[in-house]
Amino acid sequence: MKFHCSHVVLCLAAISSVSLTARILALFNYNARSHFIMFEPLLRGLANRGHEVFVVGHFPQKTPIPNYTDINVQDSIPSVVNNFTVEYVRSFGLVNQLRFIWEKTLEMCETVMNHPEVQELIRNSDTHKFDLIITHIFGPDCFLGFSHIFNAPFISLVTSVALPWTNDRVGNPDNPSYIPNFFLPFTQRMNFGERIINTIFNEIMKIGNYYFSELPMDKLARKYLGEDIPSITELKKNTSLIMANSHFSLNTPRPTIPAFVEVGGLHLKTDGKLPKDLKTYLDNSKEGVIYFCLGSLIKSSTLPEDKKQMFIEAFSNTKLNVLWKIDEISGLPDNVKTYKWFPQFEILKHPNVRMFITHGGLMGTMEGVYTGVPMIGVPMFADQELNINVCVMKGIAILLDFDTLTTEKITNAIDAILNNLSYRKNAKKLSELFRDRPHTALETAIYWTEYVIRHRGARHMRSAAIDLPWYQYLLLDVILVLLVGTIVSIYILYYAVKVSLRLLLPYLEEKRLKSLKFISKEE
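Residues numbered from 1 in each chain as written. Predicted model: local features only at pLDDT ≥ 70, side-chain atom pairs only at ≥ 80, totals over all residues. Heavy atoms only, no water.

1. Section: the overall build of the chain
Here is the rule we go by: Working definition: helices are DSSP H or I runs of at least four residues, strands are E runs of at least two. Numbering for both runs from the N terminus. With C-alpha atoms as the basis for the radius of gyration, the globule rule is written as 2.2 Å multiplied by the number of residues raised to the power 0.38. Buried residues are those whose accessible area, probed at 1.4 Å on protein chains only, stays under 20% of the maximum for their type, while exposed residues exceed 50% and partly exposed ones sit between those limits. Note on definitions: a residue-residue contact is assigned when non-hydrogen atoms from the two residues lie within 4.5 Å. Note that accessible areas follow from Shrake-Rupley with a 1.4 Å probe, and for residues the cover is restricted to the protein chains shown. Charge assignment in this entry is limited to Lys and Arg as positive and Asp and Glu as negative, and neither His nor the chain termini are counted. Lys charges are placed at NZ, Arg charges at CZ, Asp charges at CG and Glu charges at CD.
From N to C terminus, the chain includes 19 helices and 13 strands. Taken against the 2.2 N^0.38 rule, which gives 24 Å for 523 residues, the C-alpha radius of gyration of the chain at 30 Å runs more than 25% over that of a compact globule. Considered along the principal axes of its C-alpha atoms, the chain spans approximately 120 × 65 × 60 Å. Classification of the 523 residues of the chain by burial places 50% in the buried group. Residue pairs in contact within the chain that sit at least 24 positions apart in sequence constitute 67% of those at least 6 positions apart. Accessible surface, the chain as shown: approximately 26,000 Å² in total, 58% of it carbon and sulfur. Between the mean site of the 54 positive side-chain charges and the mean site of the 51 negative ones, the chain shows a separation of 6 Å.

2. A short note on unusual backbone geometry
It is generally the case that most residues other than glycine have a negative phi and that most peptide bonds are trans. Positive phi outside glycine occurs at Thr252, with the angle close to 70°. Relative to the assigned elements, Thr252 resides in the loop between helix 9 (248-251) and strand 7 (260-262). You can call Thr252 buried: its relative accessible area is 3%. In this model, Arg456 sits at a positive phi of 50°, which is unusual for a non-glycine residue.

3. Regarding the nonpolar core
It is characteristic of soluble globular proteins that their nonpolar side chains tend to be buried jointly. We apply this condition: The nonpolar core is taken to be a set of buried Ala, Val, Leu, Ile, Met, Phe, Trp, Tyr and Cys residues, with the residues joined through side-chain atoms within 4.5 Å.
Among the nonpolar cores identified, the biggest contains 124 residues, and Leu25, Leu43, Ile134, Phe146 and Trp324 are the most heavily contacted of them. Top contributing element to this core by residue count: helix 4 (residues 94-113), with 9 residues. Ignoring sequence-local partners within four residues, the contact set of Leu43 consists of Ala26, Phe28, Phe36, Val53, Val55, Tyr68 and Ile134. Counting residues in each nonpolar core, the second largest holds 30 residues, with Tyr291, Tyr370, Leu386 and Ala397 among its members.

4. Quick look at the layout of surface pockets
Defined as follows: Both site types are read off a 1 Å grid over the protein atoms alone. A 1.4 Å probe that fits but cannot get out defines a cavity, while an open set with protein on both sides within 12 Å along at least five of seven lines defines a pocket; lining residues have an atom within 4 Å of a point. Grid points are joined across faces, edges and corners, and a volume is the space filled by probe spheres set on the points. Residues were grouped as follows: Ala, Val, Leu, Ile, Met, Phe, Trp, Tyr, Cys and Pro as nonpolar; Asp, Glu, Lys and Arg as charged; and all remaining residues, including Gly, as polar.
By volume, the second largest pocket is sized at about 970 Å³. The wall of the second largest pocket is formed by 27 residues, among which Asp168, Glu203, Lys206, Trp470 and Tyr473 lie closest to the centre. Per-element tally for the lining of the second largest pocket: the top contributor is helix 7 (residues 192-225), with 7 residues. Residues of the lining of the second largest pocket, tallied by class, amount to 12 nonpolar, 6 polar and 9 charged.

5. Re the packing of helix 13 (residues 362-371) against helix 16 (residues 421-435)
Applicable threshold: Lines are fitted to the C-alpha atoms to define the axes, a helix being fitted only along its stretch in contact, and any angle between axes, read from their N-to-C directions, falls within 0 to 180 degrees. Reported orientations rely on four angle classes, namely roughly parallel under 35 degrees, roughly antiparallel over 145, roughly perpendicular from 65 to 115, and oblique for the rest.
Close contact between helix 13 and helix 16 brings their axes to 6 Å; oriented N to C, the two are set at 105°. It follows from the interaxial angle that helix 13 and helix 16 lie roughly perpendicular. Mapping the contact onto sequence places Met366, Val369, Tyr370 and Thr371 in helix 13 and Ala427, Lys428, Leu430, Ser431, Phe434 and Arg435 in helix 16.

6. What about empty space enclosed by the protein?
The full count for this structure, using the stated rule, is 6 cavities of 30 Å³ or more. Approximately 150 Å³ is the volume found for the largest cavity. Together, 20 residues line the largest cavity, and Ala162, Asn167, Asp174, Ile179 and Arg254 are the ones closest to its centre. When its residues are assigned to classes, the lining of the largest cavity shows 11 nonpolar, 6 polar and 3 charged. Lining the second largest cavity are 15 residues, with Val161, Asn251, Leu386, Asn387 and Val390 sitting closest to its centre.

7. Examining the state of the cysteines
Convention followed: Disulfides are defined in this document as cysteine sulfur pairs within 2.5 Å.
Inspection of the entire model under this criterion finds 1 disulfide. Each disulfide pairs two cysteine sulfurs, and for Cys109 the partner residue is Cys142, the sulfurs being separated by 1.6 Å. Its torsion about the S-S bond being -50°, the disulfide of Cys109 and Cys142 is classed as left-handed. In this pair, Cys109 sits in helix 4 while Cys142 sits in the loop between strand 4 (132-136) and helix 6 (144-149), placing the two residues 33 residues apart along the sequence. We note that Cys109, like Cys142, is buried. We note that Cys293 lacks a disulfide partner, and the nearest cysteine sulfur, in Cys391, lies 15 Å from it. Using a relative accessible area of 0% as the deciding quantity, one classes Cys391 as buried.

8. As for the packing of aromatic side chains
Operational definition: Only rings of Phe, Tyr and Trp enter the pairing, Trp through its six-membered ring, and a pair is recorded when the two centres are within 6.5 Å. The plane angle decides the type: under 30 degrees is stacked, over 60 is edge-to-face, the rest tilted. Counting as a charge over the ring demands two things of the Lys NZ or Arg CZ atom: a distance within 6 Å of the ring centre and an angle within 35 degrees of the ring normal.
All chains considered together, the criterion is met by 31 aromatic pairs. Geometrically, the ring pair formed by Trp102 and Trp165 is tilted, given 5.6 Å between the ring centres and 50° between the ring planes. Separated by 63 residues along the polypeptide, Trp102 in helix 4 and Trp165 in the loop between strand 5 (154-158) and helix 7 bring together distant segments of the chain. An angle of 85° between the planes, with centres 5.2 Å apart, marks the rings of Tyr447 and Trp448 as edge-to-face. Through a chain of ring-to-ring contacts, the aromatic side chains of Phe54, Phe130, Phe143, Phe146 and Phe150 assemble into a single cluster. Positioned above the aromatic ring of Phe130, the side-chain terminus of Arg23 is 5.1 Å from the ring centre.

This is the structure:
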């Protein structure tokens, strides 16, 4: 019997797959669907690879899949899906956003920690064995202590670009001169004033995260996991890997170490199909379609009446059909079709979709970028203005300010997207850049997750920067020594010249006088 090289490869792959089978515990306290849609493909992908995946979260699988076990804490916290009013999110100034991230999610931490099934995990930590812990970086690091009680390495996921308190835990470079803060609407091209603001905000938020997130979480961890649990500051230094929902083509190039991996677009499922009625509607919309959605958190029906009328009037002035995700509205023109929920990505992939009116959430923005659809952004809160500004900079979007919105501005933006072909051309080019990768985002995420498992935490990827005091990391001690050395050297040189001149001047004066006497005698 002949044994070809391809058979060897297949056998080795099978053996490798079996040997890599691991028990993975993923824990999520925040119950936003827009965050979980990034985590879910990775968790399902790991289960499909044969790993045993246990998920503490609020979104259990509707249909059970092999190797995937839900530890369902769904009913412990009121749902936020499609539950925020426009007025509420518009009141989300920076301080309120940070209070929500630090204080509200800390309450969620305690609620989930206190859940009977999570308590069972804690009580029986000696009998449970896990090879990897997966956590979420957002507010307080609720579950870092689980890596200690289960003696397992952990990786963390970020559903956006790195938050201000993300990079330090793996020693990833974070230069505020060209890397914009998550909470600010700046692009990488900042002027002097913006760089000052960006730098100050970056440091203030890191300090704030320590006092309002890490220290309270330390108390909570000791309460539920025992007094001997290390501090969050110490635990986070053991982070094996961070995977962020970003990509350099969209979120601008940022320096990364091996333990920080970009997996932007992880949530994109390219094999989805449109329901028959929607496909027919889109196919028959020969003039084109505008898709309008404000995301999964905002209840679109809470738009102020005057804003609703602005959009209605603007839509009645266009020949395009409109798909509008909204639950309650009346007085619509014939070219507008509404639903409470749409399969957004599948709609955006349809060739007849001409533009996407969006609030600028990162997940939806990435879907627009992937499909090459120009956008009109009406940001509401958080990183939405930042996301839209990046798209404006790349020539694929127009930003409209919600507070100064008018029918004329909406109509002009729609006309500009339709009549200026550069928007669609730029969108198609950015789509090519976003898609052009050696591996898909899911393949990348699975590879690096298994890499950490294979190498038992992959400590060799750990940067020495993690252990450096801030003044050493910034080379302030080196700068101080060089500065003092330079000053001392200049002073020594000055003193040497001064002494030399003091000794030399009498001699020169004596020579001058002798020369004058000699000249007078000659005369």
